[in-house]
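Descriptive structure summary
Spelled out, the chains give:
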Amino acid sequence: MSGTVFDVQGAGALGTLLSGNSTSRILNGVHAAIATTKMLTPLQAVGATFGTLVAALIAVLFYERKRKIRHDIPTIPTWGPLGSAPEMLAHRWDRLDWSLWKQRWHLDRGDGMTAYVWAPFQPTLIVTCDPRNVEHVLKTRFDNYIKGPVFDKIQRVMLGHGIFNADGEQWRVQRKTAANMFTINNFRDFMMHVFLDRSQILTSRLRDAARSGTIVDLHDLLYRFTLDSFMEIGYGARIDALKSDEPIPFAAAFDRAQTIINRRYSMGKIQWKVIEWFTGEGKEVVECMKVADKFAYDLIAKRRAEGGLESKNDLLSRLLVMKNPETGKPYPDVELRDMVLNFLIAGRDTTAQSLSWTFFELAKNPEAVAKFRAEISVVCPDGEPDYQTVTKQLKYGAAILSEGLRLHPSVPAEIKFAVEDDVWPDGTRIRKGDGTAWMPWVMGRLPELWGDDALEFHPERWIDSKHPGPFKWPVFNGGPRTCLGQPMVYIQAVACLAEVTRQFDLELVAPEEVVYRPALTLQMKNGLRVRVHERGVGDRASEGIAFCA
C-alpha cells in the first residue's frame, strides 16, 4: 500500500514540478504536494514526502539545466541535469590535466578555443584560451569583469578584502601602496642585498647536503628562502626560516588552508559546505586561519611598537602610516591583516613555486644547464652576480625562468565574472553574471599557441623570437592588474638560479613523484627531492669558452 502511494504521489509531484518554469513554482508545488500527506497514514506520509522531495530535486536540476544550457557555445558531453559536476568532482585532484584534455578535445573537433562548463547551483563558466579574449577581459573591458561574489565567498576566510580578493576602490588603494614599494632604488639598494644574502644561506645548506650525501627537499628550502626574503623586504622582519629544518607553524597552516579552500571551486556552495562538515575540513580551515591570523596580527603589533615608521621603506611600515581615503583614518588591524597575508602569498608562494618548477625542468635538461653555466662564466666570472648582471646580462637565465613559468605558471587558472552583457573578439556572447576563465597552465601547453614543441622545455624560444606578450603568456596577469612584483621575481629568481646552477648539480630522486597539488597557486604535492653534487672550481672555469664560441 505504501509503495503504491509513494509511486502515485512521487510521479504526480514530478509531473507537476517539471511543468514549472521558476524556482518559486517548484517550491509551491512541493508545499502543495506535502500538504496532501495529512490524509495519509504515517508510513504513507513518509513515503509520499520522500517521493515529493526527490521529484523536487529532479525538477530543480532540470530547471537549472534549462536555464544554463548554451546552444551558441561548445561544451563537452555532460551528465544530463548534473552537467559537468560528476567530472569536476572526479578530477578535483588533476583538474589542470582534465582542463587540458577538454581544450584539446574541442580543438581537435574544430570547436575553437572557447567553450563553457556548467554544473547545478554554480554560475555558468565560459573558458577560453584565445589571447584576444584574455586581452579583452584583462584590458579592453577591464571594468566589466570582476572577482565577484563567488570568488569572494570561497576565499574570504583566507584573503579577506586583500588585493587578491578585492575589486574597485579597495583594490586600487592597495595596488597604489604596493606600487610605492617596487621602485628602482629599492630594487638596487635593498632587495638585491637581501636576495644575495639569502642565496648564500641557501647555497650553504645545499653544500652541507652535498658533503653529507643527504637528500633534500628543494621545494621546502625554496619556500624558506622566499619567506625569509619577503619578510625582510616587505615587513622588515628576520625570521631565518632557511637556517632551520623545523616546520614553520604559520606556513604549514596557511598551505593546508589553501589546499582545502581551492577544492571548493569544483563544487557548489552547498556541496562544499556539506562535504567539509562531514570531513571536518571546515573546522580545520578555521583552525589553520587562526594560526595565520595570529602570525599577521603579531607582526603588525611588533612593527607598530618599534616606531619610526615614517622613515622606513618596507611595505608594512607604509601600510601602518597610510590613511584610508574614505575615512581619513589609519586602517584597522583587521584590514592590515588582509593586506599582510595577500602580499605574503605573492612574495613567498609564487616565487618559491616558480623556482621549484624551473629547477625541476633544468634537472631534466642538461643542455640548458650547460648553456646557462657558460653564460654565467662569461658575464660574472668573479662569482656572485650583481644587479646589473642579473637584470641586463643573464639573458639565458631570464629565458630559463620564462620557459619554466610557461609550463608551470604560479597561478594556473584565473576567473572573473561579467558585470554586464558583452561580446568577445571571437564572437562569444557573454551574459551578465557569467563566470569567465582562462588557464595559463593549459595555454602554455597548446601547439596552436606555441608550436609543435609546446610540451618541451626550450628556453631558446624566448631569445630567438619576439616576446609573446601578456595575453598569450598571462602568467603575470595583464592590463591594469599586471603583477607589480614581476621585476622583483626576475631579480630574485635569476640570481638564485645562477648561484645554485653555478655551484651544484641537482639529481632528481623520484621525478615521477613531482606532481602539482590543486590550490590557488601551483604547489608541488610531494616536494622536490634531490641529491646535491658540489662542483669544483675547475668545472666552472672551463665553461665560458663554449658560450663565447
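Note that the coordinates shown come from a computational prediction; the quantities given were computed from them, not determined experimentally.

Across its 32 residues, helix α15 (residues 333–364) extends 46 Å between first and last C-alpha, which sits within 8% of the 46 Å expected from 1.5 Å per residue. Where α15 bends most, the angle comes to about 25 degrees, and this point is Ile-345. Buried residues dominate α15, accounting for 26 of its 32 residues.

Turning our eyes to something else, we now look at helix α13 (residues 281–306). In this model, α13 (26 residues) spans 38 Å end to end at C-alpha, consistent with the 38 Å of a helix rising 1.5 Å per residue. Contact partners of the buried residues in α13: α7 (148–159), α10 (218–235), α11 (249–262), α12 (269–279), α14 (315–321) and α15. Immediately downstream of α13, the backbone of Gly-307 shows phi near 70 degrees, a positive value.

Should their charged atoms come close, side chains of opposite charge can pair. Summed over the entire model, instances satisfying the criterion amount to 39 salt bridges. For the salt bridge of Asp-240 with Arg-238, the shortest nitrogen-to-oxygen distance reads 3.4 Å. Judged by relative accessible area, Asp-240 falls into the partly exposed class, the value being 27%. Between Glu-276 and Arg-264 there is a salt bridge, with its nearest N and O atoms 2.8 Å apart. Remark: Arg-264 occurs in the loop between α11 and α12 and Glu-276 occurs in helix α12; sequence separation between them is 12 residues. In terms of burial, Glu-276 and Arg-264 fall into one category: buried.

This next bit is on the nonpolar core. Of all hydrophobic cores here, the largest spans 141 residues; its most connected members are Leu-202, Leu-206, Tyr-235, Phe-359, Leu-528 and Val-532. No other element matches the 12 residues that α15 contributes to this core. Contacts of Leu-206, omitting those with residues within four sequence positions, involve Val-216, Leu-218, Leu-221, Val-500, Phe-504 and Val-532. Ile-76, Met-88, Trp-98 and Ala-119 belong to the second-largest nonpolar core, a separate cluster that totals six residues.

Here we take up the environment of Thr-482. Looking at where Thr-482 falls in the secondary structure, it is placed in the loop between α21 (461–464) and α22 (486–503). With near-sequence residues (within four places) excluded, Thr-482 lies in contact with Arg-175, Phe-476 and Asn-477. Among the polar contacts made by the side chain of Thr-482, one reaches the main-chain carbonyl oxygen of Gly-479 at a distance of 2.7 Å.

This brings us to the pairing of strand β2 (residues 125–128). As judged from the four bridges shared by strand β1 (residues 114–117) and β2, these two strands associate in the antiparallel manner. Following the sheet pairing, Thr-114 is matched in β2 by Thr-128.

Right, let's get into the side chain of Asp-228. Residue position: Asp-228 is located in helix α10. Buried charge without a partner: Asp-228 forms no salt bridge, and the closest opposite charge is Arg-198, 4.3 Å away. At 2.7 Å, the side chain of Asp-228 forms a polar contact with the backbone nitrogen of Ala-241. Setting aside residues up to four positions removed in sequence, Asp-228 forms contacts with Arg-198, Ile-239, Asp-240, Ala-241 and Leu-242.

Mapped onto this structure's residue numbering, the UniProt feature "binding site: heme" (unreviewed entry) falls at Cys-483. On the secondary structure map, Cys-483 appears in the loop between α21 and α22. The residues contacting Cys-483, other than those within four sequence positions of it, are Phe-476 and Asn-477.

A contiguous nonpolar surface patch, about 530 Å² in accessible area, is contributed by Ile-270, Val-274, Trp-277 and Phe-278. Among the residues examined, Ile-270 registers a relative accessible area of 65% and is labelled exposed.

Once that is clear, we can look at the environment of Cys-483. With a relative accessible area of 31%, Cys-483 lands in the partly exposed category. Residues Cys-483 and Ala-346, spaced 137 residues apart in sequence, show a C-alpha to C-alpha distance of 9.1 Å.

This part is about the packing of aromatic side chains. Applying the stated criterion to the full structure yields 11 aromatic pairs. Relative to Tyr-516, the ring of Trp-441 lies with its centre 5.8 Å away and its plane at 70 degrees, an arrangement referred to as edge-to-face. With Trp-441 in helix α19 (residues 440–443) and Tyr-516 in strand β10 (residues 516–517), this pair connects stretches of sequence that are 75 residues apart. In terms of burial, Trp-441 and Tyr-516 fall into one category: buried.

A separate point is unusual backbone geometry. For Asp-240, which is not a glycine, the phi torsion comes out positive at approximately 50 degrees. For Asp-240, the position within the fold is in the loop between α10 and α11. The phi angle at Asn-477 is positive, at roughly 65 degrees, despite the residue not being glycine. Along the chain, the position of Asn-477 falls in the loop between α21 and α22. On the basis of relative accessibility, which here comes to 13%, the residue Asn-477 falls in the buried class.

The rules behind each value
Residues numbered from 1 in each chain as written. Predicted model: local features only at pLDDT ≥ 70, side-chain atom pairs only at ≥ 80, totals over all residues. Heavy atoms only, no water. Helix = DSSP H or I, 4+ residues; strand = E, 2+ residues; numbered from the N terminus. Expected span 1.5 Å × (residues − 1). Bend = angle between axes of the 7 residues up to and from the residue. Buried < 20%, exposed > 50% of the residue type's maximum accessible area, 1.4 Å probe, protein only. Contact = heavy atoms within 4.5 Å. Salt bridge = Lys/Arg side-chain N within 4 Å of Asp/Glu carboxyl O. Core = buried A, V, L, I, M, F, W, Y, C linked by side-chain atoms within 4.5 Å. Polar contact = N/O pair within 3.5 Å; in protein donor to acceptor, adjacent residues only side chain to side chain. Pairing = 2+ DSSP bridges. Lys, Arg positive; Asp, Glu negative; His and termini not counted. UniProt positions renumbered as here; feature names shortened; annotations may be inferred. Patch = residues over 30% accessible without salt bridge, like charges linked within 9 Å, V, L, I, M, F, W, Y side chains within 5 Å. Areas by Shrake-Rupley, 256 points an atom, 1.4 Å probe, with all protein chains shown as cover. Phe/Tyr/Trp six-rings, centres within 6.5 Å; stacked < 30°, edge-to-face > 60°.

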